[in-house]
Each structure stands twice: as structure tokens, then as C-alpha cells.
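Residues per chain, in single letters:
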Amino acid sequence: QVQLVESGGGLVQAGGSLRLSCAASGRTFSNYPMGWFRQAPGKEREFAAGISSNGGSRFYADSVKDRFTISRDNAQNTVYLQISSLTPEDTAVYYCASKTVFYGTYVDVSSYGYWGQGTQVTVSS
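Report follows, based on the coordinates. The structure presented is a predicted model; accordingly, all values stated were derived computationally and were not measured. (Residues numbered from 1 in each chain as written. Predicted model: local features only at pLDDT ≥ 70, side-chain atom pairs only at ≥ 80, totals over all residues. Heavy atoms only, no water.)

1. Section: the pattern of salt bridges
Pairs may arise between side chains of opposite charge once their charged atoms sit close together.
And step 1. Per the counting criterion, the structure on display carries 3 salt bridges.
And step 2. A salt bridge links E46 to R38; the nearest nitrogen and oxygen atoms lie 2.8 Å apart.
And step 3. Between R38 and D90 there is a salt bridge, and its shortest N-O distance comes to 2.8 Å. Of this pair, R38 sits in strand β4 (residues 34-39) while D90 sits in the loop between β8 (78-83) and β9 (92-99), placing them 52 residues apart in sequence.
And step 4. Salt bridges here are not isolated pairs; linked through shared partners, they connect R38, E46, R67 and D90. (Salt bridge = Lys/Arg side-chain N within 4 Å of Asp/Glu carboxyl O. Helix = DSSP H or I, 4+ residues; strand = E, 2+ residues; numbered from the N terminus.)

2. Focus: the pairing of β4
And step 1. In terms of burial, β4 is largely enclosed, as 5 of its 6 residues are buried.
And step 2. Bridging between β4 and strand β5 (residues 46-51) involves 5 bridges; their strand directions are antiparallel. Looking across to β5, one finds that R38 is bridged to E46.
And step 3. Between β4 and β5, which pair antiparallel in sequence order, lie 6 residues; one of them, G42, sits at a positive phi of approximately 75°.
And step 4. Judged from the 6 bridges that link them, β4 and β9 form a sheet pairing that is antiparallel. Directly across from Q39, in β9, lies its bridge partner V93. (Buried < 20%, exposed > 50% of the residue type's maximum accessible area, 1.4 Å probe, protein only. Pairing = 2+ DSSP bridges.)

Next up, the structure:
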């Protein structure tokens, strides 16, 4: 019912900023809370940020708080992740996902039923 496509990744210098986008298809986008996850090479996928259906509530992992900003534009069916002060530790594939389990937690991957293909973020030092 929902297809997600991430974009905006690439190679950036440490200390720089980047904005990732997640474009959703279908007309049910606004019904779902959304999340951003990331997966570094050889590591588990981890929660980065989440946002409620109308954008009124936002949640961040402690590791990215104050550097990451999640937002959404339901009219454009798009979720964004603004990242500042990038470090090499931010290097990962970044995924957006639709939270389909109503009572599931934002940080749990099992709460999300739809996933994008991911976009690579590489931060050079």
C-alpha cells in the first residue's frame, strides 16, 4: 500500500550537513508515523528519529539528538532528515519506514511494516 524511496545521500565532509528525503507513494502516507533508521557496515540497524502522523511529536535516539531533525510534509508525501555536524560515525545506509504497528515503539524495527531501499551516507574525515 505504501512505497518509500529515499534520496539525498552521498559523500560529504566531516562537519558538513545533509538533508535526506523519503518520498512515499499512495494516499495513505499521512496515516502513518514515520521513522528513520540507519545501518553501518557490520552493525545492526538502529533507530535514528521518528515523527508522528501529523508531525506534532518527534523522537530521537540519544546518539543523534541535537544534530538530527526529522520533519514531514504530508502535502508532498515526503519525510525529511536534516543532519548537521556530520562525523564519520554517521556513515551508514539510511532507511525510512512507515510505522504500522500502532502500539509498537518508535525505536523497534518490528513496529514498521514498510521500508525504503535505503540511501548511502558516507562521511569523510
